[in-house]
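# A structural walkthrough
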Amino acid sequence: MKEVSILIEISNIRVEKVENGGRLCCQLKTPALTKELWYQVNEENAKYLTYELADPFVVILLPMAIMHSWDIKVKDTPVSSKLLFGINHFIFPGLKCNSKVLAEGKEIFFDSNDSVATGMSCGVDSFYTYYLCGLNAQDDKLKIKEMTFFNVGAHDAGSPNEIRNLFLARSKKPYEVTKDLDLTFLLGDSNIHEILQEDFIYVHTFRNIGFALALQKKYHYYYYSSGHSVYEFDISKKKPAFFDLFLLTFLSNENITFISTGCVESRLYKLKRISEIPEAQHLLLVCFRDDHNCGFCEKCIRTLYGLWSIHKLDAFKHSFDLEQFYRNKKKLDVKFMSYVYNDEEDYKEIYQEIKKEHLKISFVIKIVGYMYHFARDYIKPLVKKWK
């Protein structure tokens, strides 16, 4: 049991008019800081910012509460009853945390929330969500009508200005996708990443869902693209990508239902499906370094070899520098094999496809790849520990 109840306080939730749009703001107080948090959208969507409920701010602060076993206290504004119940009775206990959200629970229904949306990063998972729930939607009520792109921490490039510039640069491709598909596009900015210094890999679900909850007056269904299949479900890993299915169930409320898409398919399966979509061929963006695919980072390597294994590389010549790929093929083979030896499911499946298709990676490269894996994943951490 906690000896002293330490609080994260949320207060003064309101919408403010800013140039070309609106901001949903709150005052945040923790033992370490007092700051203002905000979500911002354009003027057209400002009317959907939900100041009547504290849901969007409570959700983005859950990782902090879980990490420190702090309670979250909300002043003056209720939390939706279903969300409050889900957090206190399922999410906190499921993550072995004895925190509580201290707030009034209230059912408020918004009759304007008839849209269906998903986040579009132009990655494999988000394009597969469009394939599944856009191109092949079985019910028009569940068909994607809007794509979003939120600035909540995925674009870490240094200073706040550098982060925002990278966010705006990366937003161009999602905008092009929605224009080509005749869908609407919502660009959402925030200062969350500036205030909450957290590793994005541990908080991405909470932050993206928090932003969607800020727009629950607009969205009835929101698809969240799964990065791992349900067969890899593991709540003990502390990375939400491994237990999104659990989180999304209990982060849904009376107005908005969150659905995990692609959670039963492997990444290679998704890649095969989206490889026929012209927008994916031209606008796929998987790199976490820049606003284009560098061809050398882990995500680029995984995608390049996945496409190579299914004989679809040439179809993505507008998304990747294929001359660079073939020019550096031996070095990239070594890095690819090092990830295979790391026993990651995505790489193992791609490697099996490569063998099935009789594509060649030399025996020498495989040995060097193992040595690279051993040095990177075993020797390097030991050296750091000794230092």
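Scroll up a little and you will see the structure.
Residues numbered from 1 in each chain as written. Predicted model: local features only at pLDDT ≥ 70, side-chain atom pairs only at ≥ 80, totals over all residues. Heavy atoms only, no water.

If you tally the helices and strands in the protein, you get 16 helices and 12 strands. Against the globule reference of 21 Å for 387 residues, the protein gives a C-alpha radius of gyration of 22 Å, in line with a compact fold. Viewed in the frame of its principal axes, the protein has a C-alpha envelope of about 65 × 55 × 40 Å. Pairs at least 24 apart in sequence give 72% of the contacts found in the protein among residues at least 6 apart. Surface summary for the protein: the accessible area is close to 18,400 Å², and the carbon and sulfur share equals 53%. (Helix = DSSP H or I, 4+ residues; strand = E, 2+ residues; numbered from the N terminus. Rg over C-alpha atoms; globule rule 2.2 N^0.38 Å. Contact = heavy atoms within 4.5 Å. Areas by Shrake-Rupley, 256 points an atom, 1.4 Å probe, with all protein chains shown as cover.)

For the structure on display, the rule yields 21 aromatic pairs. Ring centres 4.2 Å apart and planes at 5° place the aromatic pair Phe150 and Phe211 in the stacked group. Taken together, the positions of Phe150 in strand S9 (residues 146–150) and Phe211 in helix H8 (residues 204–214) put the pair 61 residues apart, joining distant regions of the chain. Across the pair, Phe211 and Phe150 agree in class, each one buried. Here the aromatic rings of Tyr341 and Tyr370 are separated by 5.3 Å at their centres, their planes lie at 85°, and the arrangement is edge-to-face. Here Tyr341, found in the loop between helix H14 (329–340) and helix H15 (345–356), pairs with Tyr370, found in helix H16 (residues 363–386); they are 29 residues apart in sequence, far enough to count as distant. (Phe/Tyr/Trp six-rings, centres within 6.5 Å; stacked < 30°, edge-to-face > 60°. Buried < 20%, exposed > 50% of the residue type's maximum accessible area, 1.4 Å probe, protein only.)

Right, let's get into the pairing of strand S12 (residues 257–261). When strand S11 (residues 219–225) meets S12, the two strands line up parallel, connected through five bridges. Its bridge partner being in S12, Tyr221 is matched across the sheet by Thr257. With respect to chirality, the unit in which S11 leads through helix H9 (residues 244–251) into the neighbouring parallel S12 is right-handed. (Pairing = 2+ DSSP bridges. Right-handed = clockwise from strand over helix to strand, strands pointing away.)

For the coordinates displayed, the defined rule picks out 20 salt bridges. Its salt-bridge partner being Glu146, residue Lys218 comes within 2.9 Å of it at the nearest N-O pair. One end of the pair, Lys218, is in the loop between H8 and S11; the other, Glu146, is in strand S9, with 72 residues separating them in the sequence. The pair Lys218 / Glu146 is uniform in exposure class, with both members buried. With a shortest N-O distance of 2.9 Å, Asp333 and Lys329 are connected by a salt bridge. Of this pair, Asp333 and Lys329 both sit in helix H14, separated by four residues, roughly a single helical turn. (Salt bridge = Lys/Arg side-chain N within 4 Å of Asp/Glu carboxyl O.)

Before going further, it helps to spend a moment on the packing of helix H10 (residues 267–274) against helix H12 (residues 298–309). Close contact between H10 and H12 brings their axes to 10 Å; oriented N to C, the two are set at 65°. In terms of their interaxial angle, H10 and H12 are classed as roughly perpendicular. H12 is crossed by H10, and the crossing has right-handed handedness. Here Arg267, Leu268 and Leu271 of H10 come into contact with H12, specifically with Arg302, Thr303, Gly306, Leu307 and Ser309. (Axes fitted to C-alpha atoms, helices over the stretch in contact; angles between N-to-C directions. Parallel < 35°, antiparallel > 145°, perpendicular 65-115°, else oblique. Left-handed = near helix turned anticlockwise from the far one by under 90°.)

So, on to the sheet that holds S12. In spatial order, the strands read S6-S4-S1-S2-S3-S10-S9-S8-S11-S12; together these 10 strands make up an open sheet with mixed pairing. Every interior strand has two partners, whereas the edge strands, strand S6 (101–102) and S12, have only one. Note that strand S8 (residues 115–119) and S9 share three bridges and pair parallel. Residue pairing in the sheet places Thr118 in a bridge with Met147 of S9. Packed on one face of the sheet, helix H4 (residues 124–135) meets S8, S9, S11 and S12 and runs near 130° to S11.

With that out of the way, let us pick up the side chain of Ser115. Note on placement: Ser115 falls in strand S8. If we skip the residues at most four places from it in the chain, Ser115 touches Lys145, Glu146, Lys218, Tyr219, His220 and Tyr221.

Okay, the pairing of strand S3 (residues 34–42) next. Both strand S2 (residues 21–29) and S3 contribute to a ladder of nine bridges, which runs antiparallel. Counterpart to Leu24 in the pairing with S3 is Tyr39. Between S2 and S3, which follow one another and run antiparallel, lie four residues. For S3 and strand S10 (residues 184–190), the ladder comprises two bridges, and the chain directions are antiparallel. Each bridged residue has a counterpart across the sheet, and for Tyr39 the counterpart in S10 is Ser190.

Counted according to the given criterion, the structure contains zero disulfides. Cys133 forms no disulfide, and the closest cysteine sulfur to it belongs to Cys263, at a distance of 10 Å. A residue is classified by how much of its surface remains accessible, and Cys133, at 9% relative accessible area, is buried. In this structure Cys294 is not part of a disulfide, and its nearest cysteine sulfur, from Cys287, lies 3.6 Å away. (Disulfide = S-S within 2.5 Å.)

On to H4, then. With nine of its 12 residues buried, H4 lies for the most part within the structure. Among all positions of H4, only Val124, Asp125, Ser126, Phe127, Tyr128, Thr129, Tyr130, Cys133 and Gly134 are buried.

Excluding glycine, residues mostly carry a negative phi; peptide bonds, for their part, are mostly trans. With a phi angle near 60°, Asp182 is a residue other than glycine that sits in the positive phi range. Checked against the element boundaries, Asp182 lands in the loop between helix H6 (172–181) and S10. At Lys238, a position not held by glycine, the phi torsion is positive, near 70°. Residue placement: Lys238 occurs in the loop between S11 and H9. Exposure remark for Lys238: the relative accessible area of 45% places this residue in the partly exposed category.

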